[in-house]
Every structure is written in structure tokens, then in C-alpha cells.
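Overview (structure and organization)
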Amino acid sequence: GGIQNYGICTLVSCTLRGNAANSSGGGIFNGNSGTCNVLSSTLDDNRSRSGIGGGIGNSGNCIVRNSTLSGNIAGNGRGGGVANTGTCNLSASTIVGNFAVNAGGLFNSGTFNLTSSIVAGNTAPAGANIAGFAPGNNNLIGGDPKLAPLANYGGSVETMHPLIDSPAIDAGTTTDPGGTDARGFPRFVDGNANGNVACDIGAVESGP
């Protein structure tokens, strides 16, 4: 679709939009010998017509961090946002509003680690948000994440900013994801109900 990788590919602050593949990986297909790092990037409106992974189809090694996947479709397949048959580590990311026949958000039949991420509001006849693995730590799975629509809220990529009553706010920890969010804005700007400083779950840290 957008990118087919069998080597080493790193994307930082990139947007992949409106790509299509006849088989797998509408936005990115990472083959079994490939290493793909998707950092602070946005994939939206990509389509896999008959395979897996509307946004990302991975059978190699893939890291997704501080990234947003929304509006991606695996038309007759699995994993509207991400489909993994290899090894995938996904953290501090937002997977919302994707569609697939099976697992609108994430599908896994390999090794998957999911932390500090939002996987909600995805649709599928079978397995709306996640299929094939148990969620990891500090994630917001299902329900209404209460995010603003995909738009420019600062930084170089479009994101989905938490609304004032989003359950993602201050629901993380002080150590993960840390650093900056998808826009390059600092984390840990708020305190949680216990009075401790904590970051938000997902690709974007709320704040001024």
C-alpha cells in the first residue's frame, strides 16, 4: 500500500494517508525479515482490501510508539488498525475508529506487547477492538475514550486530543510512556486523583 519493507524502516513524525493494498498492509506491510519503527506518526484512511492490517500488517519486527491509527480498514481481513503475525511492541498509541471483518482494532497471532495505549471505538462483525491476545499494562480497551476528532492540535502530525473528561487522562504512570507525546509536547503535566503526577494513556498528553 504505502510502504512495503523487508529491510530496516524508521518513520518519525510522518503521516500515511489514503493508501491501499490488494492484500496486506494498507499503510505499511512489514515482511518477515523486516524491522519497522513507527514513531510519533499518524496512519489514517488506509485500506487492505483482502488481507490483514488496514493500517499496519506486520510479520517481522515492529515497534509502534506515540502514534495514531484511525479510519483504517481491512475490508475482508483482520486487524483494521494493526495485524501482527510476527513480533510487535505497541506503546503510548491511539487505535480508534478502524474497521475489519475480524478485530477492528488489533489482531494478533504472533508476539504482541501493548502498553499505555487506547484501543477503543473500532468496529468489526467479530472482535471489535482486539482479537488474538490479552492486553498488557495501563491500557484503555473499549468503551468511549472521549477523544476529539483527528485534527491538528499542535506538532507536525494530526492527533486525537483527549477531551476534558476522557478516562485516558492521568491514567498512566510516571515511567511509561515518559518523554514527549506524538506532537513533541512533554508528558506528566497533570496529577491524578491520588495527587501523584501521571501521564495520560495514548498518543497525546492533555494540557494547555
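All figures in this text were calculated on a predicted structure; none of them were measured in a lab.

Observations concerning the overall build of the protein chain
- Each helix and strand in the protein chain was counted, giving zero helices and 23 strands.
- Dimensions of the protein chain, computed from C-alpha atoms along their principal axes, come out at roughly 50 × 35 × 30 Å.
- Considering only contacts within the protein chain whose residues lie at least 6 apart along the sequence, 65% involve residues at least 24 apart.

Structural notes on unusual backbone geometry
- One non-glycine residue, Ser 116, lies in the positive phi region at around 50 degrees.
- Note on placement: Ser 116 falls in the loop between β18 (111-115) and β19 (118-120).
- Positive phi is not limited to glycine here, since Lys 146 has a value of about 55 degrees.
- For Lys 146, the position within the fold is in the loop between β21 (140-141) and β22 (190-191).
- Exposure remark for Lys 146: the relative accessible area of 29% places this residue in the partly exposed category.

Thoughts on the sheet that holds strand β9 (residues 56-58)
- Spatially, β1-β5-β9-β13-β17-β20 is the arrangement adopted by the six strands of the open sheet, whose pairing is parallel. What marks the edges here is a single partner per strand, and that holds for β1 (3-5) and β20 (130-131).
- Two strands pair when backbone bridges link them, and β9 and strand β13 (residues 82-84) are joined in this way by three bridges, in the parallel orientation. Note that in β13 the partner of Gly 57 across the bridge is Ala 83.

The rules behind these values
Residues numbered from 1 in each chain as written. Predicted model: local features only at pLDDT ≥ 70, side-chain atom pairs only at ≥ 80, totals over all residues. Heavy atoms only, no water. Helix = DSSP H or I, 4+ residues; strand = E, 2+ residues; numbered from the N terminus. Contact = heavy atoms within 4.5 Å. Buried < 20%, exposed > 50% of the residue type's maximum accessible area, 1.4 Å probe, protein only. Pairing = 2+ DSSP bridges.

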